[in-house]
Amino acid sequence: MNLPIFLPQNDPGPDFAELMRRSGFHREIKFDGVVPVESFRHGTTCVAIRYADGVLLAGDRRATSGNLISHRSIEKVFPADRHSGVAIAGAAGPAVEMVKLFQLQLEHYEKVEGTSLSLEGKANQLGQMIRNNLPAAMQGLAVVPIFAGFDLARGTGRLFEYDVTGGRYEETQHASTGSGSLHAGTVVKLGYTESMNETEVTDLAIRALFEASEEDSATGGPDTIRGIYPIVALITADGYTRVDDAELAERTVALIDSRRPPRAG
Amino acid sequence: MNMPFYVAPEQVMKDRADYARKGIARGRSLVAFRFDDGVAICAENTSSTLHKVSEIYDRIAFAGVGKYNEFDQLRIAGVRHADLKGYSFSREDVDARSLANQYAQILGQVFTHEMKPMEVEILVAEIGVDDSGDDDQMFHLLYDGTVVDERNVVVLGGETDSISERLESFESPPTLHEGLRSAVAALAGPDRTLSAGDLEVAALQRGNGRRTFRRIGDTELVELLQD
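What counts and what doesn't
Residues numbered from 1 in each chain as written. Chains lettered and ligands numbered in written order. Predicted model: local features only at pLDDT ≥ 70, side-chain atom pairs only at ≥ 80, totals over all residues. Heavy atoms only, no water. Salt bridge = Lys/Arg side-chain N within 4 Å of Asp/Glu carboxyl O. Helix = DSSP H or I, 4+ residues; strand = E, 2+ residues; numbered from the N terminus. Buried < 20%, exposed > 50% of the residue type's maximum accessible area, 1.4 Å probe, protein only. Pairing = 2+ DSSP bridges. Axes fitted to C-alpha atoms, helices over the stretch in contact; angles between N-to-C directions. Contact = heavy atoms within 4.5 Å. 1 Å grid on protein atoms, 1.4 Å probe; cavity = no way out; pocket = protein on both sides within 12 Å on 5 of 7 lines; lining within 4 Å. Points joined across faces, edges and corners; volume = space filled by probe spheres on them. Nonpolar A, V, L, I, M, F, W, Y, C, P; charged D, E, K, R; others polar. Patch = residues over 30% accessible without salt bridge, like charges linked within 9 Å, V, L, I, M, F, W, Y side chains within 5 Å. Areas by Shrake-Rupley, 256 points an atom, 1.4 Å probe, with all protein chains shown as cover. Lys, Arg positive; Asp, Glu negative; His and termini not counted. Charge placed at Lys NZ, Arg CZ, Asp CG, Glu CD. Phe/Tyr/Trp six-rings, centres within 6.5 Å; stacked < 30°, edge-to-face > 60°.

(A) Geometry of the pattern of salt bridges. Taken as a whole, this structure holds 41 salt bridges over all chains when the rule is applied. Taking the shortest distance from any N to any O, the salt bridge between R91 of chain B and E107 of chain A comes out at 3.2 Å. Of this pair, R91 of chain B sits in the loop between α2 (68-88) and α3 (96-113) while E107 of chain A is found in helix α2 (residues 92-113), placing the two residues in two different chains. Owing to a relative accessible area of 29%, R91 of chain B belongs among the partly exposed residues under this scheme.

(B) Seen up close, the sheet that holds strand β13 (residues 231-236) of chain A. All names here are of chain A. Spatial strand order, β12-β2-β3-β13-β14: five strands in an open sheet with antiparallel pairing. Each edge of the open sheet is held by one strand with a lone partner, namely β12 (174-177) and β14 (239-242). The sheet shows a mean angle of 15° between the axes of neighbouring strands, direction not considered. As paired elements, β13 and β14 share four bridges and run antiparallel to each other. Among the inter-strand pairings, I235 is bridged to a residue of β14, identified as Y240. Packed on one face of the sheet, helix α5 (residues 181-191) meets β2 (46-51) and β12 and runs near 165° to β12.

(C) View of the layout of surface pockets. For the largest pocket, the calculated volume is near 1200 Å³. Lining the largest pocket we find 31 residues, and of these H26, R27, E28, N132 and N133 of chain A sit closest to its centre. When contributions to the lining of the largest pocket are tallied by element, the ones reaching two or more residues are α1 (16-22), α2, α3 (119-132) and α4 (134-138) of chain A together with α2 of chain B. Looking at the lining of the largest pocket, the element that brings in the most residues is α2 of chain A, giving six residues. Of the residues belonging to the lining of the largest pocket, the class tally is 15 nonpolar, nine polar and seven charged.

(D) Region of the structure containing the pairing of strand β5 (residues 68-71) of chain A. Residue and element names in this part refer to chain A. Relative to β5, strand β4 (residues 63-65) runs antiparallel, the two sharing three bridges. Directly across from S65, in β5, lies its bridge partner L68. Remark: two residues form the turn of the hairpin made by β4 and β5, two consecutive strands paired antiparallel; G66 in that turn has positive phi of roughly 60°.

(E) The arrangement of a negative patch on the surface in detail. A cluster of acidic residues, D130, D131, D134 and D135 of chain B, forms a negative patch on the protein surface. For D135 of chain B, the position within the fold is in the loop between β5 (120-126) and β6 (137-141).

(F) Region of interest: the packing of aromatic side chains. Considering all chains together, one arrives at seven aromatic pairs over all chains under this definition. With 5.9 Å between their ring centres and 55° between their planes, F62 of chain B and Y103 of chain B make a pair best called tilted. Of this pair, F62 of chain B sits in strand β4 (residues 60-66) while Y103 of chain B sits in helix α3, and the two are 41 residues apart along the sequence. Y103 of chain B matches F62 of chain B in its accessibility class, with the two residues each being buried. Here F111 of chain B and Y143 of chain B contribute two aromatic rings whose centre-to-centre distance is 6.0 Å and whose plane-to-plane angle is 45°, an arrangement assigned as tilted. Of this pair, F111 of chain B sits in helix α3 while Y143 of chain B sits in the loop between β6 and β7 (147-150); the two residues are 32 residues apart in sequence, bridging distant segments of the chain. Under the relative-accessibility criterion, F111 of chain B is labelled buried at 7%. Accessibility expressed as a relative area gives 7% for Y143 of chain B, which makes it buried. Aromatic rings pair up to connect F102, F147 and F160 of chain A into one cluster.

Quick look at the structure:
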């Protein structure tokens, strides 16, 4: 691999996707028709909730191929950079690739320019990537993420929803995506209060995913046998942190216990 | 028909080298050294926005002296090379040695084939995954594409000899505090003192997460330079 040096008039600037195109990396694969739903992996339910110190992202761990469970512990919540994260639903392959490119794009911009993109700029970047995926989406490989981050300039957590056309919609309180989003979203909506703290918001996210897993076959519930719990990440002024499994296990068990019907006698 | 005057190749090369050296000597120097927790780079630079020291990749840093636009072009090419390589293979496959070789090719090519050589000297530093520091590497590249593999300390710029003489020698890698004090004293020389505002300091530091590069800001630098 040689050193990519460009003439000033051909320089791709801080844009990594453009750099790939100009370095001959972009291999477009063309095919007609629709990819059958059982032939690729699908990621399902994610939620994002704003709270007092920032924003939370959470996702279940199941991937499905048609009616089969194809993965029990897939990850759908990723850090995008120090102060933002993305949660994905849809075709798992293209989604994970999109996240990888998005993370790289942000880091590449930061290194080339010497400063980070604004949160708004990052959200727009992701929107463009989803729009570029539109032809694949029409063939069944849709990717619909949520983007959330802590806006250092405004000192607040912000979150963005998208549709397959790359349309970008900022939400002020919460957002959800994927097959179980209807149920998860309703739970969040009913339990949402403006000034939730870290513990309260984590409990609400766990509960939302738990309820969704009871109603939607493609959403995975907590797996206490294998120790698989949803991924929960908190993004605050201090950056992106993932809540550790031990704490999630404890909270999940507490939730399940509270749901257990009282024993007769 | 006009015949060009004959100039001996020795003379051409010497002229070009002199030209490059003169350009480099006009700027301020920098010192890079290994410390007990990684590699630190300390440059004399009064600008807080036009950097001489930058991040290339997770464990790789870049530093340049001489003509700003020329080494900055090389820096960006390095970032692009590293990011493309990490994307198409894996992050662990990006290494300083291969990047240094690429730089050497370009510098050598420009030195012999272009009108004017690049008036730069650059450094590619990398810290190993291993905590011992045995795999830390520093590649010093000259304007003509010469690569020198340095071990503990390296000086880039015009007055390298006098700066090198002034540097303290340590038996084992010093702490950041000790190393930095020695580097700053050596850069300043006997007649000047350099304060935090005159310096640009950054380090590749173990335990700093995936991206090991960090800039050491003025507040921290003032503390580090105190006795």
